[in-house]
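Here's the letter readout for the chains.
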Amino acid sequence: MAALDAIRATFFEECEDLIEALNEGLGEMADGDHGSETVNAVFRAVHSVKGGAGSFGLNDLVSFAHTFETVLDRIRSGDLEPADELIALLQRSGDVLADLVEAARDESPFDAATVATTSEALEAVLGDDAAPEEEFVFDAVGADFDFDLPDLDGAGAGPATYTIAFAPHRDLYANGHEPLVLIGALADLGEVTVAADVSRLPAVDAFDWEESYLAWEITLVSTEHEGAVREVFEFVDGLCELEITVTEPEGGGDGPGLPDLPDLGDLAPDDMPGLPDLPDLSDASPAASMELAADLPELPSLEDLPADKTDIPASEKVASAKKTPEAAPAASAKKEARPTLRVDVDRIDRLINTVGELIINQAMITQRVREIGVPLTPEIVTDLDDYRQLARDIQEGVMGLRTQPVKQLFQRMTRIARETADVAGKSAQLVIEGEETEVDKKVIEKLADPLTHMIRNSIDHGLEVPEKRREAGKPEKGTVKLTACYKSGDVLIQIADDGAGLNRPRIRQIAVEKGLIPAEADLTDAEIDQLLFRPGFSTASSVTSLSGRGVGMDVVKTSIAALGGRISIASTPGEGSVFSILLPLTLAVLDGMVVRLGDETMVVPIASIEEAIRPHKDDLSQLGTARTLFANRGEYLPVIDLAERLGHPVRAKKLTKKTLLVIQSNGSRIALAVDGVVDKRQVVIKSLAKNYRHIAGISAATILGDGKVALIVDPDGIAEDPPAGVMRPGPDDVHPTEEKKDAA
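Residues numbered from 1 in each chain as written. Predicted model: local features only at pLDDT ≥ 70, side-chain atom pairs only at ≥ 80, totals over all residues. Heavy atoms only, no water.

## Let's talk about the overall build of the protein
Move 1: Looking only at helices and strands, the protein features 23 helices and 22 strands.
Move 2: Within the span of the protein, comprising 744 residues, buried residues form 38% of the whole.
Move 3: With an accessible surface of roughly 40500 Å², the protein has 51% of that area assigned to carbon and sulfur atoms. (Helix = DSSP H or I, 4+ residues; strand = E, 2+ residues; numbered from the N terminus. Buried < 20%, exposed > 50% of the residue type's maximum accessible area, 1.4 Å probe, protein only. Areas by Shrake-Rupley, 256 points an atom, 1.4 Å probe, with all protein chains shown as cover.)

## Some details on the pairing of strand E13 (residues 600-605)
Every other side chain in a regular strand lies on the same face of the sheet, so the side chains alternate between the two faces.
Move 1: Examined bridge by bridge, strand E12 (residues 589-597) and E13 share six bridges and lie antiparallel to one another. Directly across from Arg596, in E13, lies its bridge partner Thr601.
Move 2: Where E12 hands over to E13, the hairpin turn is made up of two residues, of which Gly598 adopts a positive phi near 65 degrees.
Move 3: For E13 and strand E22 (residues 709-713), the ladder comprises two bridges, and the chain directions are parallel. (Pairing = 2+ DSSP bridges.)

## Quick look at the pattern of salt bridges
Move 1: Applying the stated criterion to the full structure yields 31 salt bridges.
Move 2: Here Arg633 and Glu611 are joined by a salt bridge, their closest N and O atoms 2.9 Å apart. Residue Arg633 is found in the loop between strand E16 (627-632) and strand E17 (635-641), and its partner Glu611 is found in strand E14 (residues 609-613); the two are separated by 22 residues along the sequence.
Move 3: The class of Glu611 is buried, set by a relative accessible area of 16%.
Move 4: Bridged by salt links that share partners, the residues Asp95, Asp99, Arg415, Arg418 and Glu419 form one connected network. (Salt bridge = Lys/Arg side-chain N within 4 Å of Asp/Glu carboxyl O.)

## Focus on the sheet that holds strand E15 (residues 620-623)
Move 1: An order of E14-E18-E19-E17-E16-E15 is seen for the six strands of this open sheet, with the pairing classed as mixed. Strands with a single pairing partner mark the edges of an open sheet, and in this sheet they are E14 and E15. Strand-to-strand twist of the sheet, defined as the mean angle between neighbouring strand axes without regard to direction, takes the value 35 degrees.
Move 2: Two strands pair when backbone bridges link them, and E15 and E16 are joined in this way by four bridges, in the antiparallel orientation. Each residue of the ladder has a partner; that of Ser621, found in E16, is Leu629. (Axes fitted to C-alpha atoms, helices over the stretch in contact; angles between N-to-C directions.)

## Structural notes on the sheet that holds strand E9 (residues 490-497)
Sheet strands pair by backbone hydrogen bonding; their relative direction is either parallel or antiparallel.
Move 1: As summarised here, the arrangement of the five strands in space is E6-E8-E9-E11-E10, forming an open sheet in which the pairing is mixed. Two strands close off the open sheet at either side, each with one partner strand: strand E6 (428-433) and strand E10 (566-572). Adjacent strand axes in the sheet meet at a mean angle of 15 degrees when their direction is disregarded.
Move 2: Where E10 meets strand E11 (residues 576-584), seven bridges bridge the pair, whose relative direction is antiparallel.

## Concerning the packing of helix H4 (residues 84-106) against helix H5 (residues 112-126)
Move 1: Closest axis-to-axis distance for the H4/H5 pair is 10 Å, and the angle between their directions is 140 degrees. Both H4 and H5 take part in a crossing whose hand is left-handed. Contacts between H4 and H5 involve Leu86, Leu89, Ser93, Val96 and Leu100 from the former and Thr114, Val115, Thr118, Ala121, Leu122 and Val125 from the latter. (Left-handed = near helix turned anticlockwise from the far one by under 90°. Contact = heavy atoms within 4.5 Å.)

## Digging into helix H12 (residues 345-371)
Move 1: Under the 1.5 Å per step criterion, the end-to-end length of H12 is 39 Å for 27 residues, consistent within 8% with the ideal 39 Å.
Move 2: All buried positions along H12 are accounted for by Ile348, Asp349, Ile352, Val355, Gly356, Ile359, Ile360, Gln362, Thr366 and Val369.
Move 3: One or two steps after H12, the chain reaches Gly373, where phi turns positive at roughly 80 degrees. (Expected span 1.5 Å × (residues − 1).)

## Remarks on the side chain of Asp440
Move 1: With respect to the helices and strands, the residue Asp440 is situated in strand E7 (residues 438-440).
Move 2: Here the side chain of Asp440 touches Lys442 through a polar contact of 2.9 Å, landing on its backbone nitrogen.
Move 3: Sequence-distant contacts of Asp440, that is, excluding residues within four places in its chain, are made with Met399, Arg402, Thr403, Leu585, Thr586 and Leu587. (Polar contact = N/O pair within 3.5 Å; in protein donor to acceptor, adjacent residues only side chain to side chain.)

## With respect to a positive patch on the surface
Move 1: A contiguous patch of positive charge, built from Arg596, Arg614, Lys617, Lys653, Lys654 and Lys657, is present on the exposed surface.
Move 2: Turning to its location among the elements, Arg614 is positioned in the loop between E14 and E15.
Move 3: Under the relative-accessibility criterion, Arg614 is labelled exposed at 52%. (Patch = residues over 30% accessible without salt bridge, like charges linked within 9 Å, V, L, I, M, F, W, Y side chains within 5 Å. Lys, Arg positive; Asp, Glu negative; His and termini not counted. Charge placed at Lys NZ, Arg CZ, Asp CG, Glu CD.)

## Overview of the side chain of Ser222
Move 1: Here Ser222 shows up in strand E3 (residues 215-222).
Move 2: There is a polar contact of 2.6 Å between the side chain of Ser222 and the backbone oxygen of Leu189.
Move 3: A distance of 2.9 Å separates the side chain of Ser222 from the backbone nitrogen of Glu224, its partner in a polar contact.

## Some remarks on the packing of aromatic side chains
Within a pair of aromatic rings, the relevant descriptors are the distance that separates the centres and the angle that separates the planes.
Move 1: Taken as a whole and judged by the stated rule, the model has six aromatic pairs.
Move 2: Ring geometry for Phe166 and Trp216: centres 6.1 Å apart, planes at 25 degrees, overall stacked. In this pair, Phe166 is assigned in strand E1 (residues 160-168) and Trp216 in strand E3, connecting sequence segments 50 residues apart.
Move 3: Overall, Trp216 belongs to the buried group, its relative accessible area being 15%. (Phe/Tyr/Trp six-rings, centres within 6.5 Å; stacked < 30°, edge-to-face > 60°.)

None of the figures reported here should be taken as evidence of function without further support.
Here it is as structure tokens:
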């Protein structure tokens, strides 16, 4: 049972790749690519899902996939034209197929009404030509194929003989196919004889358990036509080397046979150089003929014959010629995809943790060398730098094992966009760019919900209805663009729409009505945009299945912050909005700036720091009795004492003796005051919530080179406490005082 469960798990892992290939192909078809290669790729994906599902008795999945692939088969045969309406139906069918696969994997219920509705729509496309549903019965097939062939001497013109050379690729097994099932299906068509070719088996020490070394030569005697024989291998099209040679039955008849070849009797001896004299076998007995044939010399190749005597019309050539065993691996190598290795995520996580300890150990050794007063000769400095670089190279290589493209996640968003547009009554398309950008797998897993909310909001709130778009001179179909790219060691994901943009006056009005800001608050556009992320905030006038409950964008911000990222908004009225998410490549390590707060040491993420400045007293001003402002590049920044904010004892130290870290947070800039900057280094992230509890303003912890634990600051959490609208004083609100300046 454990082995069967492992095979079942492998099947569903393969289904993920097949569904991805299906969605990719359907997307290309929607973009106008109706070529045979694209359609065949989509057909094979559905076909492979159906074949594997039948092996496990997943009848609902098999039934739907059968109808789905029948429509695709009509398209690739040219009987159906892939119009926009049909492609939209195929995309919905792909969504339903993915739901059925997920339900079968999790053994959970599925939406039977949606499946039935979609199946009926597919059958309506087929009309009266709908193919009857196949009955999939996969009985165990024995390994001993010892079939006694009947005496064919007096068989007449009935059955034809098929010689089948079958050499599976490694992908055939990876996709869950079984050669025994195929051979058993051939046995249903007639009498078969099977001979295994084990010539490619390597020595045990060179054996690759995922490689395919075996091949089979199968002789089938059947009255079925050649098309029926080839249908047996339809499941494995492109996953094997297959040659089928047909021998015409004795006496002719209706069965398939070899085409007529030119009469070699018309060839003159001079036209056949090197052709030996052949004995006359016309009067010889069968036994004598066999003896004479054994002594015949090797015949010359047809390449040696004159061209005018060997030219055969293409329509008369044999369907396929048998290849040598040496040629088969070469052809297989050309078609074989790039090899991959599936590894349990837990193993990778353990390896990453070990590499993290290696980095900590490297930092400890460097610090110990400095503490014990060892003279730092050039050789020691070079060795320590080499050790640090080697540890970092190992860490980057190991982290690459856990990264994967965002392609699969982005493809899921196409379905969200279609469904949202249907519910909202809008015409929209999702354009995807940068889907090969790689991110930590854990980041991708936790990014699904935020992206879902943002795609829905872009369509439901951002895009106008077709009538208003026409009035504004825009295309009726709105566009939402989902892109990913690398930016300064991080990953930038943007969701942009060409809608009406944010209605900032209305956003401000709703915020005042809900008591989120005072009516007299003076907010910039960026601060108004940030109100969208307040809990309970919604601009929808009524509750629908998409919006209006005030739940969504605040969840987005919380989720992004939990990933160590930040989100910002840029919007132009009448032109659209752009939501930008900046995320770290990994959740395991962090480039940070080590700072001092009294006797404590903390780490501030470098990604959030714009600059570090030792302030001059003329740049500091007092706002009221509790706020200090720092003049920087024509803007007043609120100064937040990090030690005071985190509850450390406040020491009387002039601000001019401290270092201000200018931080970009929530669309605005602040200045964090710290006692000093120690170093810039890469640190290993340790979860604080799992080992202790969540602390406001702190995102995680790390272990420094001296073995002490240092907390990692969450700049967004630190900046959240001051209410919006209080941090931008007007010219009359700034009141510098001598006391404050003296204290500075």
